[in-house]
Amino acid sequence: MSITEIAGLMREGILQVFLLCAPVLGGALIIGLLIAIFQATTSIQESTLTFLPKLVTILLVLALLGGFMFTELSAYTMRLFSQIGKM
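Along every chain, residues carry numbers that run from 1 in the direction the sequence is written. Residue-level local features of this predicted model are given only where pLDDT is at least 70; pairs of side-chain atoms are given and counted only at 80 or more, and the full residue set underlies all totals for whole chains, interfaces and linings. Water and hydrogen atoms were dropped before computing side-chain values, which therefore reflect all heavy atoms in the structure.

## A short note on the overall build of the protein
Think of it this way: any DSSP run of H or I at least four residues long counts as a helix, any run of E at least two long counts as a strand, and we number them from the N terminus. Tallying secondary structure elements over the protein gives two helices and zero strands in all. Buried residues are those whose accessible area, probed at 1.4 Å on protein chains only, stays under 20% of the maximum for their type, while exposed residues exceed 50% and partly exposed ones sit between those limits. Here the protein holds 87 residues, and the buried ones make up 18% of them. Only heavy atoms matter for contacts: two residues are in contact if any of them lie within 4.5 Å across the pair. Within the protein, contacts between residues separated by at least 24 positions form 67% of all contacts whose residues are at least 6 apart in sequence. Just so you have it, the protein exposes about 6500 Å², and 77% of that area is on carbon and sulfur atoms. Each accessible area is a Shrake-Rupley estimate made with a 1.4 Å probe; only the visible protein chains count as cover when residues are assessed.

Next up, the structure:
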């Protein structure tokens, strides 16, 4: 196995991590930003106020996109296992 093939596997693995984490982290980031703006405008400085909405958002994103995430991860895993013979 050459260096370019290893680099390709590493690049594809990192891309999969970003693809699977981006929707969850993006949803939590947007909700956190909206709550921070709300807290700044109302002068409510309660640190636990952001926890529940972020948790609900993360669970909702996982419920909506969990099938897609599992399909992508299983396809990537199958591609990796099919290349074991070449290594």
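Let us keep going from here.
## Some thoughts on the pattern of salt bridges
What makes a salt bridge here is a side-chain nitrogen of Lys or Arg within 4 Å of a carboxyl oxygen of Asp or Glu, nothing more. Summed over the entire model, instances satisfying the criterion amount to one salt bridge. Across the pair Arg-79 and Glu-12 runs a salt bridge whose closest N-O atoms are separated by 2.6 Å. Taken together, the residues span a long stretch of sequence, with Arg-79 in helix 2 (residues 51–82) and Glu-12 in helix 1 (residues 3–42) at a distance of 67 residues.

## Focus on the packing of helix 1 against helix 2
Helix packing geometry: the angle between the two helix axes and the distance between the axes. Between helix 1 and helix 2, the least distance of the axes is 10 Å, while the angle of their chain directions is 170°. Relative to helix 2, the element helix 1 lies roughly antiparallel. Axis lines are fitted through C-alpha atoms, for helices just across the contact stretch, and the angle between N-to-C directions can take any value from 0 to 180 degrees. In this scheme, roughly parallel covers angles under 35 degrees and roughly antiparallel covers those over 145, while 65 to 115 is roughly perpendicular and the rest are oblique.

## Side note on helix 2
One axis fitted to the seven residues ending at a residue, another fitted to the seven starting there: the angle between these axes is the bend at that residue. If you look at helix 2, its biggest bend is around 60°, right at Leu-65. Looking only at helix 2, the buried set comprises Thr-57, Val-61, Met-69 and Tyr-76. Considering only its buried residues, helix 2 is in contact with helix 1.

## Things to note about unusual backbone geometry
For Ser-43, which is not a glycine, the phi torsion comes out positive at approximately 60°. By the secondary structure assignment, Ser-43 is in the loop between helix 1 and helix 2.

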